[in-house]
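In case you want the letters, here they are:
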Amino acid sequence: MTDTSIPSAEQSVDEEIVPTAATGDGEPEEAGEAAAEAGAAPKKAAGESELFAQSEIAADYIEGLLDILDYDGDIDELVSGGRPVVEVVGARLQNLVGQRGATLEALQELARLAVFRQTGTPSRLLLDVGGYRATRRKELAAVAKNAVEKVKEHGEPVRLEPMSAFERKCVHDVVNAMSGVESESEGVEPNRCIIVRPAD
């Protein structure tokens, strides 16, 4: 019998790995480290054509959802940063984002499931609607810099509010690019949050 389960929220393929080992583009070696922890050999990275095929599968799925919901939107499939990406652009799409991106995260998981069901491989697909992620990334960069300033000024750890895996990764990227501070995630979804502290 074929196992059709996908990684749970606690094993999110977006989850940030904070150690210093990084790939050429500065992203953590998430898959390799996770496989090493599980005692398995790291899987070979998917080729660009395979990643683009994943984005096409997800785009078809999202297009079907838009048709059912009677929403208009242009859908772009691409590969960026070594992962498949689907972008939906158009007016009247805010309902697909939801409060603090909650609906967007759910749609992304559904799209990843659609890819998994067709390919048998978990996907790191990133879904964006109406440029929400780019805007949120800028907001989170400001939050991270503010936390770093507080840590450097007072020498005390700063705990940030609970965030999604995507949001935590954005914050970790900013903090890890600065000297004298470090960050780590703690807690359990949906209350997992980041603590920024002085570096040892």
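Look up: the structure comes first, before these words.
Residues numbered from 1 in each chain as written. Predicted model: local features only at pLDDT ≥ 70, side-chain atom pairs only at ≥ 80, totals over all residues. Heavy atoms only, no water.

Colleague: So what exactly am I meant to see when it comes to the overall build of the protein here?
Modeller: Of regular secondary structure, the protein possesses five helices and six strands. Along the protein, helices (α) and strands (β) appear in the sequence α-α-β-β-α-β-α-β-α-β-β when read from the amino end. The burial tally for the protein puts 36% of its 200 residues in the buried class. Taking all contacts inside the protein whose residues are at least 6 apart in sequence as the whole, residues at least 24 apart take part in 59%. (Helix = DSSP H or I, 4+ residues; strand = E, 2+ residues; numbered from the N terminus. Buried < 20%, exposed > 50% of the residue type's maximum accessible area, 1.4 Å probe, protein only. Contact = heavy atoms within 4.5 Å.)

Colleague: Any chance you could explain the pairing of strand E5 (residues 181–186) here in plain terms?
Modeller: Two faces make up the sheet, and in a regular strand the side chains alternate between them. Of the two faces of E5, the one holding Val 181, Ser 183 and Ser 185 is buried and the one holding Glu 182, Glu 184 and Glu 186 is not buried anywhere. Sheet analysis places E5 next to strand E6 (residues 193–198), joined by six bridges and oriented antiparallel. Opposite Glu 186, over in E6, you have Cys 193 as the bridge partner. Hairpin connection between E5 and E6: a loop of six residues separates the two successive antiparallel strands, and Gly 187 in this loop has a positive phi of roughly 100°. (Pairing = 2+ DSSP bridges.)

Colleague: Honestly, the pattern of salt bridges in this entry has me stumped. Any pointers?
Modeller: Two side chains of opposite charge can pair, provided their charged atoms sit close to one another. Taken as a whole, this structure holds ten salt bridges when the rule is applied. Here Arg 100 and Glu 167 are joined by a salt bridge, their closest N and O atoms 3.2 Å apart. Here Glu 167 lies in helix H5 (residues 165–176) and Arg 100 lies in the loop between strand E2 (83–89) and helix H3 (102–119), a separation of 67 residues in the sequence. Assessed through its relative accessible area of 39%, Arg 100 is described here as partly exposed. The shortest N-O distance in the salt bridge between Glu 186 and Arg 159 comes to 2.8 Å. A residue pair is termed long-range when its members are at least 10 positions apart, and Glu 186 in strand E5 and Arg 159 in strand E4 (residues 158–159) qualify at 27 residues. By relative accessible area, Arg 159 is classed as exposed at 53%. (Salt bridge = Lys/Arg side-chain N within 4 Å of Asp/Glu carboxyl O.)

Colleague: Can you walk me through the packing of aromatic side chains in this structure?
Modeller: Scanning the model with the defined rule gives zero aromatic pairs in all. Its end group placed over the ring of Phe 166, Arg 133 keeps NZ or CZ at 4.5 Å from the ring centre. (Phe/Tyr/Trp six-rings, centres within 6.5 Å; stacked < 30°, edge-to-face > 60°. Lys NZ or Arg CZ within 6 Å of the ring centre and 35° of its normal.)

Colleague: Explain helix H4 (residues 132–154) here, please?
Modeller: Count 3.6 residues to each turn of an α-helix, and residues three or four apart come out pointing the same way. A rise of 1.5 Å per residue sets the reference length of H4, with its 23 residues, at 33 Å; its end C-alpha atoms lie 33 Å apart and thus fit the reference within 8%. Taken residue by residue, H4 has Tyr 132, Arg 133, Arg 136, Leu 140, Ala 141, Ala 144, Ala 147, Val 148 and Val 151 as its buried positions. Those residues of H4 that are buried are in contact with H3, strand E3 (126–129), E4, H5, E5 and E6. Directly beyond the C-terminal end of H4, a positive phi value near 70° is found at Gly 155. (Expected span 1.5 Å × (residues − 1).)

Colleague: Help me understand H5 in this model?
Modeller: Helix length check: H5, at twelve residues, gives a terminal C-alpha distance of 16 Å against a target of 16 Å (1.5 Å per residue), a fit within 8%. Residues Ala 165, Phe 166, Glu 167, Arg 168, Lys 169, Cys 170, Val 171, His 172, Val 174 and Val 175 constitute the buried set of H5.

Colleague: Mind showing me how you'd approach the side chain of Arg 136 here?
Modeller: Looking at the secondary structure, you find Arg 136 in helix H4. Residues in contact with Arg 136, not counting those within four places in the same chain, are Arg 100, Glu 161, Phe 166 and Glu 167.

Colleague: How should the sheet that holds E2 be read in this particular structure?
Modeller: In a beta sheet, neighbouring strands pair by backbone hydrogen bonds and run either parallel or antiparallel. Strand order in the open sheet formed by three strands is E1-E2-E3, and the pairing between neighbours is mixed. The strands lining the two open edges of the sheet, one partner per strand, are strand E1 (74–80) and E3. The mean angle between the axes of side-by-side strands here comes to 20°, regardless of whether they run parallel or antiparallel. Here four bridges tie E2 to E3, and the two strands are oriented parallel to one another. Bridge pairing in E3 links Val 88 to Val 129. Across the sheet, H3 is in contact with E2 and E3; its angle to E3 comes to roughly 135°. (Axes fitted to C-alpha atoms, helices over the stretch in contact; angles between N-to-C directions.)

Colleague: Which parts of the structure should I look at to understand a negative patch on the surface?
Modeller: A cluster of like negative charges, contributed by Glu 56, Asp 60, Glu 63, Asp 67, Asp 70, Asp 72, Asp 74 and Asp 76, occupies part of the molecular surface. Counting through the fold element by element, Asp 67 comes out in helix H2 (residues 48–69). (Patch = residues over 30% accessible without salt bridge, like charges linked within 9 Å, V, L, I, M, F, W, Y side chains within 5 Å. Areas by Shrake-Rupley, 256 points an atom, 1.4 Å probe, with all protein chains shown as cover. Lys, Arg positive; Asp, Glu negative; His and termini not counted. Charge placed at Lys NZ, Arg CZ, Asp CG, Glu CD.)

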